[in-house]
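Working through the structure, step by step
Okay, here's what each chain looks like letter by letter:
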Amino acid sequence: MGKLSLGTVLFAVFGTVAHAQTQQELLRDGNGGSTDNVLTYGMGYHQQRYSALKQINKSTVKRLVPVWSASLANEFGEQGQPLVYNGTLYTANVKRVVAIDVASGRQLWTTALEWEPAVARVVCCGLSNRGVALYNGKLFVGSVDAHLRALDAKTGKEVWKVKIAEWKDGYSITSAPTVANGVLMTGMTGGEYGVRGFVDGYDPDTGKHLWRRHTTAGPGEKGGETWPAGDAYLRGGGSTWITGSYDPELDLVYWGTSNGGPWTATARPGDNLWISSVIAFRPKTGEMVWHYQWTPAETYDFDGNNENVLADIAVEGVKRKVLMHADRNGFLYMLDRTNGKLIAANPYVKVNWAERIDLKTARPVETDVAKRLRAGEKVEVRPRWTGGKNWMPMAFNPNTGRLYLAMLEETSVYQLNKELPVYKAGERYMGVENTTAPRTPGEPWGYFGALDPLTAKPKWKLPLMDLPSWSGMLATAGGLVFSGRPTGEFVAIDEDTGNIAWQFKTGSGINAQPITYTHNGRQYVSVLSGLGGGTSAKRETEGKVLPGGSVWTFALMPD
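Residues numbered from 1 in each chain as written. Predicted model: local features only at pLDDT ≥ 70, side-chain atom pairs only at ≥ 80, totals over all residues. Heavy atoms only, no water.

1. Considerations on the nonpolar core
- Grouped together as the largest cluster of nonpolar side chains are 95 residues, with contacts concentrated most on Tyr90, Val97, Ile164, Met185 and Phe482.
- Among the elements that line this core, the one with the most residues is strand 38 (residues 550-556), at five residues.
- In contact with Ile164, other than residues within four places in its own chain, are Ala146, Leu148, Ile173, Thr186, Gly187, Met188, Phe198, Asp200, Tyr202 and Arg212.
- In this structure, Val278, Phe331, Ala354 and Ala362 belong to the second largest nonpolar core, which totals 31 residues. (Core = buried A, V, L, I, M, F, W, Y, C linked by side-chain atoms within 4.5 Å. Buried < 20%, exposed > 50% of the residue type's maximum accessible area, 1.4 Å probe, protein only. Helix = DSSP H or I, 4+ residues; strand = E, 2+ residues; numbered from the N terminus. Contact = heavy atoms within 4.5 Å.)

Written as structure tokens, this is what we have:
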């Protein structure tokens, strides 16, 4: 018999690796499927990031301890959400994809994501990877050099690889792909580089390109009239760097789009559909069904990419199919996800660029601050361009009816340049001057909070005085909300009071998304640790927190 590799021996000893994931398994994820598995980004197509597990609860959380930690050998930062299938945890960062045995923490295989060092210059906000997708025995992952790969989920061996765009023109991938109705979809990044945004659809078996849904409307297309004559739409931004959600009953995918290109709207007069929007489209064809634009004529870098959380909730006594979205522009929205009609929009942080969102026109009513900015003055804008909430995803508990999220409270000093920027492929295309206003002593950087999605009124807000949080949220039936801090603490928050019920200090900053699942009847919670992201996520940690990626997994210590 031939010599066995170490990976083969570990696979035989420590567990089985996924062979197949069907569309039915994906549909059940987060909807009564096996609690042993986490198969989708957001713990369900609805992206509620909620688990009915309650073995770990407010009474037992004091016995929560780390059961294993595994290095990811990455200094660039960890923002990914792991997936779990049949006892194997899959995770990715900008350098590699790793499969780990849940029971032991032993590595089963690792596959490098190789890219040219020069790629780093066209990734605006940190070298990151937010996760993978599983389907039909394959693991799918994007990379910062704008390639999409399929790996054999059992071995990590590459099955196929496709180039979605040219990285030298400013395109990259930092988001997790997703599979809906049998189609593999990926977004892209590049909103600071004059790209034309899109979502792509692929055959997951072969990598064949099926369709492309552009997010800037061209001449002759619906929405094309919202762009000036000429070719501004070809450099118009609208990148798609956060994974979309999906309603299988309506067969609609909901995907957010980013800021306009360049940042200064002076170069592209008009509303500029479909930047800073959510678009609803068919996964089989990319055909758009409806859209809603969060920030028309966007000029603040208010990306509209933040996750779109789906739920069926009562609005004025009537059950509605809604989409909930906490935008970077500082407003918390609720839409009817069947048609994109606005139900509610309320500020959840301090906002000075708009008075309100008019419920009749569904448009923001801009303030004098916004008018002065557009006229060329230097102004202070709230929220800062990083938003009232950035990419770090919120959670929704369908039992409490509340959203749990990390909020940011900062102010930018902002001015549009008099001279328009000149587009050069692969170079920043912005046309603004922006800095951060000095902080008022005693003001929090932001909050952990529990909000009513219809009114944005808080059940509670926990001030973050030392640093903001850039970690996602996980809500559970155990009455706990899990999240992390840039100084490395993994925390469990009492969902009723907002008090910290438990915390554990990991080896680096946490700016990732926790998950929970079971294995052999025991509840586990896993999260990636590793300071990273853009400069905003790393401010004030210099000399205090070192980088270094790892996976941490926790469970209850026996009585």
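From this point, things continue past the structure.
2. Regarding the pattern of salt bridges
- For the structure on display, the rule yields 27 salt bridges.
- A salt bridge links Glu158 to Arg149, with the shortest nitrogen-to-oxygen separation between them at 3.5 Å.
- Arg212 is the partner of Asp200 in a salt bridge, and the nearest nitrogen-oxygen pair spans 2.7 Å. Separated by 12 residues along the polypeptide, Asp200 in strand 13 (residues 198-202) and Arg212 in strand 14 (residues 209-214) bring together distant segments of the chain.
- With a relative accessible area of 0%, Asp200 lands in the buried category. (Salt bridge = Lys/Arg side-chain N within 4 Å of Asp/Glu carboxyl O.)

3. Structural notes on empty space enclosed by the protein
- Counted according to the given criterion, the structure contains two cavities of 30 Å³ or more.
- Put simply, the largest cavity is a space of about 70 Å³.
- Every residue lining the largest cavity is listed: Leu26, Leu39, Thr40, Tyr41, Tyr45, Leu83, Val132, Ala133, Leu134, Pro177, Thr178 and Val179.
- For the lining of the largest cavity, the per-class residue count stands at 10 nonpolar, two polar and no charged.
- Its boundaries defined by the atoms lining it, the second largest cavity holds a volume of some 30 Å³.
- What lines the second largest cavity is simply Tyr300, Phe302, Val381, Pro383, Arg384, Trp385, Ser412 and Tyr414.
- Class assignment of the residues belonging to the lining of the second largest cavity gives a composition of six nonpolar, one polar and one charged. (1 Å grid on protein atoms, 1.4 Å probe; cavity = no way out; pocket = protein on both sides within 12 Å on 5 of 7 lines; lining within 4 Å. Points joined across faces, edges and corners; volume = space filled by probe spheres on them. Nonpolar A, V, L, I, M, F, W, Y, C, P; charged D, E, K, R; others polar.)

4. Remarks on unusual backbone geometry
- The peptide bond linking Leu273 to Trp274 adopts the cis configuration, its omega dihedral lying at 5 degrees.
- Mapped onto the secondary structure, Trp274 falls in the loop between strand 16 (252-256) and strand 17 (277-281).
- Phi is positive for Arg49, which is not a glycine, with a value near 50 degrees.
- For Arg49, the position within the fold is in the loop between helix 2 (23-28) and strand 1 (50-51).
- Phi angles above zero are rare outside glycine, and Ala362 is one such case at about 65 degrees.

5. Some thoughts on the layout of surface pockets
- Counted as a void, the largest pocket has a volume near 840 Å³.
- In terms of lining, the largest pocket is formed by 41 residues, of which the most central are Asp29, Gly30, Asn31, His46 and Gln48.
- Contributions of two or more residues to the lining of the largest pocket are made by helix 2, strand 1, strand 15 (245-247), strand 19 (309-315) and strand 36 (515-519).
- Looking at side-chain class alone, the lining of the largest pocket contains 20 nonpolar, 12 polar and nine charged residues.

6. Comments concerning the sheet that holds strand 22 (residues 342-347)
- On the basis of which strands lie adjacent, the open sheet formed by four strands has the order 19-20-21-22 and antiparallel pairing. At either margin of the open sheet sits one strand with a lone partner, and together these are strand 19 and strand 22. Each strand axis lies, on average, 30 degrees off the axis of its neighbour in the sheet, ignoring direction.
- Note that strand 21 (residues 331-336) and strand 22 share five bridges and pair antiparallel. Bridging from a neighbouring strand, Leu335 pairs with Leu342 of strand 22. (Pairing = 2+ DSSP bridges. Axes fitted to C-alpha atoms, helices over the stretch in contact; angles between N-to-C directions.)

7. Let's talk about the side chain of Thr91
- You can see Thr91 is positioned in strand 4 (residues 88-92).
- For Thr91, the residues in contact, after removing those within four places along its chain, are Leu72, Pro82, Arg96, Val97, Val98, Leu528 and Val551.

8. Considerations on the environment of Glu287
- Position of Glu287 relative to the elements: it lies in the loop between strand 17 and strand 18 (288-293).
- Put simply, Glu287 and Leu252 are 35 residues apart on the chain and 9.7 Å apart in space, counted from C-alpha to C-alpha.
- The contacts of Glu287, once residues within four sequence positions are left out, are Arg213, Ala280, Phe281 and Arg282.

9. So, the packing of aromatic side chains
- Counted by the stated rule, this structure contains 27 aromatic pairs.
- Their ring planes at 20 degrees and their centres at 6.4 Å tell us that Trp552 and Phe554 sit as a pair that is stacked. The same class applies to Trp552 and to Phe554, which are both buried.
- Linked through ring pairs, Tyr292, Trp294, Tyr300, Phe302, Phe331, Tyr333 and Trp353 together constitute an aromatic cluster.
- It is Arg130 that lies over the ring of Trp391; its NZ or CZ is 4.7 Å from the centre.
- Lying over the aromatic face of Phe198, Arg212 brings its terminal NZ or CZ to 3.6 Å of the ring centre. (Phe/Tyr/Trp six-rings, centres within 6.5 Å; stacked < 30°, edge-to-face > 60°. Lys NZ or Arg CZ within 6 Å of the ring centre and 35° of its normal.)

10. Section: the pairing of strand 9 (residues 147-152)
- With five of six residues buried, strand 9 is to be regarded as a mostly interior element.
- For strand 8 (residues 138-143) and strand 9, the ladder comprises six bridges, and the chain directions are antiparallel. Within strand 9, the position partnered with Gly142 by the bridge is Leu148.
- With antiparallel pairing between neighbouring strands as the criterion, strand 8 and strand 9 make up a hairpin whose turn holds three residues, including Ala146 at a positive phi of roughly 65 degrees.
- Pairing of strand 9 with strand 10 (residues 158-163) involves five bridges; the strand directions are antiparallel.

11. Some remarks on the side chain of Ser529
- Among the secondary structure elements, Ser529 is positioned in strand 37 (residues 522-529).
- A polar side-chain atom of Ser529 sits 3.0 Å from a polar atom in the side chain of Thr506.
- Within the local environment of Ser529, its side chain forms a polar contact with the backbone oxygen of Ser508, the two atoms lying 3.0 Å apart.
- In this view, Ser529 contacts Glu78, Thr506, Gly507, Ser508, Gly509, Ile510, Gly548, Gly549, Ser550 and Trp552; residues no more than four positions away in its chain are not counted. (Polar contact = N/O pair within 3.5 Å; in protein donor to acceptor, adjacent residues only side chain to side chain.)

12. Examining the confidence of the model for the protein chain
- With 96% of its residues at a pLDDT of 70 or more, the protein chain shows a mean pLDDT of 95.
- In this model residues 1-19 is a low-confidence stretch, pLDDT under 50, and it forms 30 contacts with partners more than four residues away in sequence or in other chains. (pLDDT = per-residue confidence, 0-100.)

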